[in-house]
Amino acid sequence: MPTEARLADGIRLALTTFTTAPVRAGRVDRAAAGTAMALAPLVGALLGAVLGGVLLLTGALAPPLVAAVVTVGLGALLTRGLHLDGLADTMDALGSYRRGPAALEIMKQPDVGPFGVVALVVVLLLQSAVLAELAGRDTLAAFAAVVAASAAGRLAVGLACRRGVPAARPEGLGALVAGTVGWCALALGAVAVALAAVPAVPDRPWQGPLAVLGALAVAAGLLRHLVRRFGGITGDVLGALVEVVTTLSYLGLVLTG
């Protein structure tokens with residue numbers, strides 16, 4: 001397949017996988033999937049730019065907490081709530097203390113258990129609290145923080161899809177994307193995300209990069225545990241990592257100690 005066609009298919013797949021953008025689906029195969037997963041941080045940054053703009057605009061018209069909740073809600077809407085669903089399913093499977101196929105069966109259940117509910121409540125509250133704090137900060141800093149955290153969350157997907165990490169099932173999104181991302185793409189993505197985070201804390205330019213890279217380091221440890229428990233990655237695992245890294249990045253960006 002020509003490089004241009006593969007890139008176009010990868011861009012379309014990245015947009016349709018990570019957002020509700022009205023983009024016509026292209027060819028879906030492992031080559032396109034690898035491109036899409038490598039481009040995930042860019043899609044995250046674009047989504048973050050939209051959310052950052054909404055946070056600042058709403059914050060100029062309403063109290064910071066209202067602006068934060070609107071922004072978090074819009075983020076869920078623009079991603080079809082898939083990442084949040086993945087977080088809930090993954091936490092329910094972990095909370096069951098089951099392994100392998102038994103844990104995967106729990107992840108496939110349509111209902112949400114207590115571990116999933118608690119995870120959703122904690123993540124949504126933390127994100128809303130942090131965004132409320134950011135809404136009162138310098139415009140550029142707040143905007144950069146949302147862009148960097150959103151991009152970092154999607155870089156976690158590339159981390160989970162790197163070569164050497166297996167899929168938990170022979171079918172599904174995990175099987176399509178597992179092992180498709182090379183270390184070069186990951187390194188470039190990490191550098192780009194770190195640079196995007198520099199303006200997020202103007203008086204401490206090191207804090208932004210440290211926050212997002214620290215969140216990714218936690219994700220790497222969590223991923224190792226999830227692969228041991230489930231036998232590999234699934235679409236739910238990818239969604240869970242997006243929410244975990246995004247939330248941890250936000251927390252690291254607002255720490256003042």
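Residues numbered from 1 in each chain as written. Predicted model: local features only at pLDDT ≥ 70, side-chain atom pairs only at ≥ 80, totals over all residues. Heavy atoms only, no water.

Looking at the overall build of the protein chain
Condition: Elements are defined by DSSP. Helices are runs of H or I of four residues or more, strands are runs of E of two residues or more, and each kind is numbered from the N terminus. As a reference, a globule follows 2.2 Å times the number of residues to the power 0.38, and the radius of gyration itself is taken over C-alpha atoms. The classification of residues rests on relative accessible area computed with a 1.4 Å probe and restricted to protein chains. Under 20% of the type maximum is buried, over 50% is exposed, and intermediate values are partly exposed. Each accessible area is a Shrake-Rupley result for a 1.4 Å probe, and residues are judged covered by the shown protein chains and nothing else. By the counting rule applied here, Lys and Arg register as positive and Asp and Glu as negative, while His and the ends of each chain are not counted. Charged side chains are reduced to one point each, which is NZ for Lys, CZ for Arg, CG for Asp and CD for Glu.
When helices and strands are tallied, the protein chain shows 12 helices and zero strands. Scanning the protein chain from its N terminus toward the C terminus, one meets helices and strands in the order α-α-α-α-α-α-α-α-α-α-α-α. Over its C-alpha atoms the protein chain spans a radius of gyration of 17 Å, differing by no more than 12% from the 18 Å that the globule rule assigns to 257 residues. With respect to the principal axes defined by its C-alpha atoms, the protein chain has extents near 50 × 45 × 35 Å. The 257 residues of the protein chain split such that 49% are buried. Surface exposure of the protein chain reaches about 11,300 Å², of which carbon and sulfur atoms provide 70%. Distance from the positive charge centre (18 side chains) to the negative charge centre (14 side chains) of the protein chain: 7 Å.

Let's talk about the nonpolar core
Note the threshold: Grouping buried Ala, Val, Leu, Ile, Met, Phe, Trp, Tyr and Cys residues that are joined through side-chain atoms within 4.5 Å yields what is termed a nonpolar core. Note on contacts: a residue pair qualifies if any of its non-hydrogen atoms lie within 4.5 Å across the two residues.
Grouped together as the largest cluster of nonpolar side chains are 51 residues, with contacts concentrated most on Met37, Cys161, Phe230, Ile233 and Val237. Apart from residues lying up to four places away in sequence, Met37 is in contact with Phe18, Val157, Gly158, Cys161, Val177, Thr180 and Val181.

Description of the environment of Ala148
Summarising the element assignment, Ala148 is placed in helix H8 (residues 139-160). It is 9.2 Å that separates the C-alpha atoms of Ala148 and Ala49, two residues lying 99 residues apart in sequence. Residue contacts for Ala148: discarding those within four places in its chain leaves Val193, Ala196, Ala197 and Val212.

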